[in-house]
Amino acid sequence: MPTDSSPTARALRAIEILRIRPGVTADELAAALGVTERAARRYVEILREAGIPVESTRGRHGGYRLGRGTSLPPVVFTEHEALGLVMAVLDGQPAAAEVDDLVGAALSKVIRALPENVGRQAAALREHASAAPDRYSARPDPSLTSALVAAIAARRRVLITYRSESGNEWEAEVDPWAVVVRHGRWYLLCHSHRADAIRTYRVDRVRTVRRTARGFDPPDGLDPVAAVEENLGTGWEFPTRVVFDAPPAEVAPWIRPPMGRLEPSGDGCVLVGSTSNPSMYAQEWLASVPFPFRVDGGQELRAAVATLAARFAAALTDRP
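Calculation notes
Residues numbered from 1 in each chain as written. Predicted model: local features only at pLDDT ≥ 70, side-chain atom pairs only at ≥ 80, totals over all residues. Heavy atoms only, no water. Core = buried A, V, L, I, M, F, W, Y, C linked by side-chain atoms within 4.5 Å. Buried < 20%, exposed > 50% of the residue type's maximum accessible area, 1.4 Å probe, protein only. Helix = DSSP H or I, 4+ residues; strand = E, 2+ residues; numbered from the N terminus. Contact = heavy atoms within 4.5 Å. Phe/Tyr/Trp six-rings, centres within 6.5 Å; stacked < 30°, edge-to-face > 60°.

Q: It is not clear to me how the nonpolar core should be interpreted in this structure. Could you clarify?
A: A general tendency of soluble globular proteins is for nonpolar side chains to be buried together. Membership of the largest hydrophobic core comes to 19 residues, with the highest contact counts inside it found for Leu18, Leu29, Leu33, Leu47, Val54 and Tyr64. The set of elements that each furnish at least two residues to this core consists of α1 (7-20), α2 (26-33), α3 (37-49) and β2 (63-66). Considering each element in turn, this core owes the most residues, five residues, to α1. If we skip the residues at most four places from it in the chain, Leu33 touches Arg10, Arg13, Ala14, Ile17 and Tyr43. Listed in part, the 18 residues of the second largest apolar core include Val251, Ile255, Leu286 and Val289.

Here it is in structure tokens:
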């Protein structure tokens, strides 16, 4: 079975390098292929013997390039690349195993375009590998996502219509800084002029996107992933404040960024944040922290913890 280190795979890789890096030198080609310079020159000769015109220029600025007018397939996959692509698609979109799924239909076209041997293995992987759906994932509308990404690239402010988990709907003018995919959910990191603050919106809850003529500049040194992680625990409708009887260094590994900000407090620490779903906060997040705690703020969270505690207490009640 050919691998990425096989002569065929390296020849395909050489074509790709020549396509995207015209003028590549023999030593650069060798480094990219993981072979000696002599072997790299031999791969160039193999391509020429196969009828692919590869021109070479001597001198200080010399190198290899594909001949003018060379017609090649638009995409060339090695077996490992093709199988890795199918695995990544199934991992991120389990429904892609079905041909009537939007992504599944696109994957079918890619597999049909592959060389017979590689395509056969990719098709077998897709047919016989199963992926369990992530119940927390949410797929946004591709056209709306594309509109947001285009506005980010053009640095243009947008007017969005957004619907919250509770069903409330509003319009907001935002500076779209980045789109971040996190644990199967897509988030828009932005500055909301409606709230005059940084906000993280679920892209699957965005109903409309309209680009405006106003530009913006994102913050210098912006780390979108870190900013989303930090921002997910702020700005929600229900405030939370939880006190732990343990030092921050011990509690911190159990705290997810969306839960809020952990601060020292006496001999322990306090977690300050907010949530839109107190029941989930109590059942899935707080219940997993193995330290004594006290809900010191947030009536909604206190009620959710009380409900959870009563449910667990009832599970230990002896029944006749």
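This is not the end of the story, as more comes after the structure.
Q: How do you make sense of the packing of aromatic side chains when you look at a structure like this?
A: The geometry of an aromatic ring pair is captured by the separation of the ring centres together with the interplanar angle, meaning the angle of the planes. Enumeration according to the criterion identifies four aromatic pairs in this entry. Pairing Phe244 with Phe293 gives two aromatic rings, centres 6.0 Å apart and planes at 55 degrees, and the pair type is tilted. Of this pair, Phe244 sits in strand β8 (residues 238-244) while Phe293 sits in strand β11 (residues 293-297), placing them 49 residues apart in sequence. Here Tyr281 and Trp285 contribute two aromatic rings whose centre-to-centre distance is 5.3 Å and whose plane-to-plane angle is 65 degrees, an arrangement assigned as edge-to-face. Of the two residues, Tyr281 and Trp285 are both situated in helix α10 (residues 278-285); the distance of four residues between them amounts to about one turn of the helix. Three or more aromatic residues link up through ring pairs in this structure, and these residues are Tyr162, Trp170 and Tyr201.

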